[in-house]
Amino acid sequence: MRKPIMRADDAREPTPYYGVIEDIVDAVPNSPYSRQHILIDSVRADNFDRDGASAIENSKALALVRIMSTPKRLKMQFKLSDPKPGDWLSFRLDDSGGIPRAWELPASNAYRSGTSRSVRDLRRISGPEDERLAGDHRLVANLVAASKSQTINVKRGTAAAALDQVGAGGQIEIIVLDVGQASATLIKRNGLPIGFFDIGAPVWFNRGSVDHAMVPPKFDQGFVILSHWDFDHFDLGRRHAPYQNLQWFAPDQPVGPNTARFQGQLGSRLTFIDGFAAGGGFQLSRGISALAGDRNGTGYQLRYDEGTRAVLLTADASYDLIEPTMLAGVGSLTIPHHGGLSLVPPPPAMQPHRAIASFGLPNRYRHPDQTTLSNHANGKWQVASTAAWQSMPRGDRILFP
């Protein structure tokens, strides 16, 4: 077999990584050649072994890594079966030209991707006990502790602290922004922006889904309430520096090194919150998943009631993982997880029957799922999207009033 030709700029040393699985796009069921896409929040293993927690403060040691492979190859080549978000992995990337392939998105290059590389020595270092080798437990404990150590200046409070920032009174508008394959919702009072519920932007491999003419709303005082710590729900805030001066509120969830570094950069402007809160017509409640590593299902939802109208921002939580009281009597909502696959039926539709899916096209997640959207339409919801979809042009969508 001929060896692949390497360009001069591809002649890099092998790069060892530790990382935690951020997200997985499953292969198409019953399709043996369909690829699985695994996004890993990673730190260079050589830097971490030498420098410990301080490696996470070094942008040159950090990267998101996207591995693409069939599940069968991962199992046969690496004995890695059924990987899940929250699993910690050890692996190496080199330029040998073999498969499976991976793409590095270095923090030092604003998480832009370069050429693909080959995956070697992939191994799960957390998860089933029989897969661990000596020292893995302590290594993972150190990686988790290092990711938390970056949040030393972060405050802690209750969900009420976030709603105190929202305040009460005035004419409320809730607008689902067109941010491509991501999620961001703008909240206005009396025509002026006061804050966001989620403030995301697409990860690099979905960059074609965003409108590059999009201008982020301008305001220098206000709040950000994050449903959960996925890049596509906070990365516009990382990219657009003025937003980092707002007051941020988010659940304290397990995260990887790159997310932890951003949390540390927010410092005292970030408050980790927990619990339920109500005030000024708003309610803030966490999803009811019992799995600590389920960021989607343990994230926050935001509800607003005015008169006979009720609005719900679901973020990425499935309907069965949302407190039933948050779903009751809702007439406007965001469809969970960008309109992705769900077999859970939506709640009964009330007036004005408005359901909005925040996604961008094209994207690598195969969103939206037509069954999910059909289930909403069959339930009398009037489905719209932020993307150019069917006969609808792309753009921001008014959820309320």
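Fair warning: this is a prediction, and the values are worked out from it, not measured in the lab.

Visitor: Tell me about the nonpolar core, and name the residues and values.
Guide: Generally speaking, soluble globular proteins have nonpolar side chains that are buried together. One finds Phe196, Trp229 and Trp248 to be the most contacted residues of the largest nonpolar core, which totals 51 residues. For this core, the leading source of residues is helix 3 (residues 136–149), giving four residues. Apart from the residues within four sequence positions on either side, Trp248 is in contact with Ile199, Val224, Leu226, Phe234, Gly237, Tyr243, Phe262, Leu266, Arg269, Leu270 and Thr271.

Visitor: An account of the environment of Arg44 is needed here, citing residue identities and associated values.
Guide: Here Arg44 shows up in strand 2 (residues 36–44). Note on Arg44: relative accessible area 24%, which makes it partly exposed. Leave out the neighbours within four places in its chain, and Arg44 touches Thr15, Pro16, Tyr17, Lys60 and Ala61.

Visitor: If you had to explain helix 6 (residues 257–266) to someone new, which residues and values would you point to?
Guide: Because an α-helix completes one turn every 3.6 residues, residues spaced three or four positions apart along the sequence face the same direction. Across the 10 residues of helix 6, seven count as buried, placing the element largely inside the fold. Every buried residue of helix 6 is accounted for by Pro257, Asn258, Thr259, Ala260, Phe262, Gln263 and Leu266. In the segment just after helix 6, Gly267 is the residue with positive phi, at about 55°.

Visitor: Quick one: what's the story with unusual backbone geometry, residue by residue and with numbers?
Guide: Note that the residue after Gln351, namely Pro352, is joined by a cis bond; omega there is 5°. Mapped onto the fold, Pro352 is located in the loop between helix 8 (336–339) and strand 19 (354–357). Leu361 connects to Pro362 through a cis peptide bond whose omega is -5°. Within the secondary structure layout, Pro362 lies in the loop between strand 19 and helix 9 (370–378). Positive phi, close to 70°, is recorded for Asp198, a residue that is not glycine. Since its relative accessible area comes to 1%, Asp198 is described here as buried.

Visitor: Please give an account of the environment of Gln263 that cites residues and values.
Guide: Position of Gln263 among the secondary structure elements: in helix 6. Measuring from C-alpha to C-alpha, the distance between Gln263 and Ala355 comes to 32 Å, with 92 residues separating the pair along the chain. Other than its neighbours up to four places away in sequence, Gln263 contacts Gln150, Thr151, Val154, Trp229, Val255, Leu270 and Phe272.

Visitor: Provide a residue-level description of the side chain of Glu173, including the pertinent values.
Guide: Tracing the sequence through the fold places Glu173 in strand 8 (residues 172–176). There is no salt bridge for the buried Glu173, and the closest opposite charge comes from Lys188, which lies 4.9 Å off by N-O distance. The contact partners of Glu173, leaving out residues within four places of it in the chain, are Leu186, Ile187, Lys188, Gly191, Phe400 and Pro401.

Rules used throughout
- Residues numbered from 1 in each chain as written.
- Predicted model: local features only at pLDDT ≥ 70, side-chain atom pairs only at ≥ 80, totals over all residues.
- Heavy atoms only, no water.
- Core = buried A, V, L, I, M, F, W, Y, C linked by side-chain atoms within 4.5 Å.
- Buried < 20%, exposed > 50% of the residue type's maximum accessible area, 1.4 Å probe, protein only.
- Helix = DSSP H or I, 4+ residues; strand = E, 2+ residues; numbered from the N terminus.
- Contact = heavy atoms within 4.5 Å.
- Lys, Arg positive; Asp, Glu negative; His and termini not counted.
- Salt bridge = Lys/Arg side-chain N within 4 Å of Asp/Glu carboxyl O.

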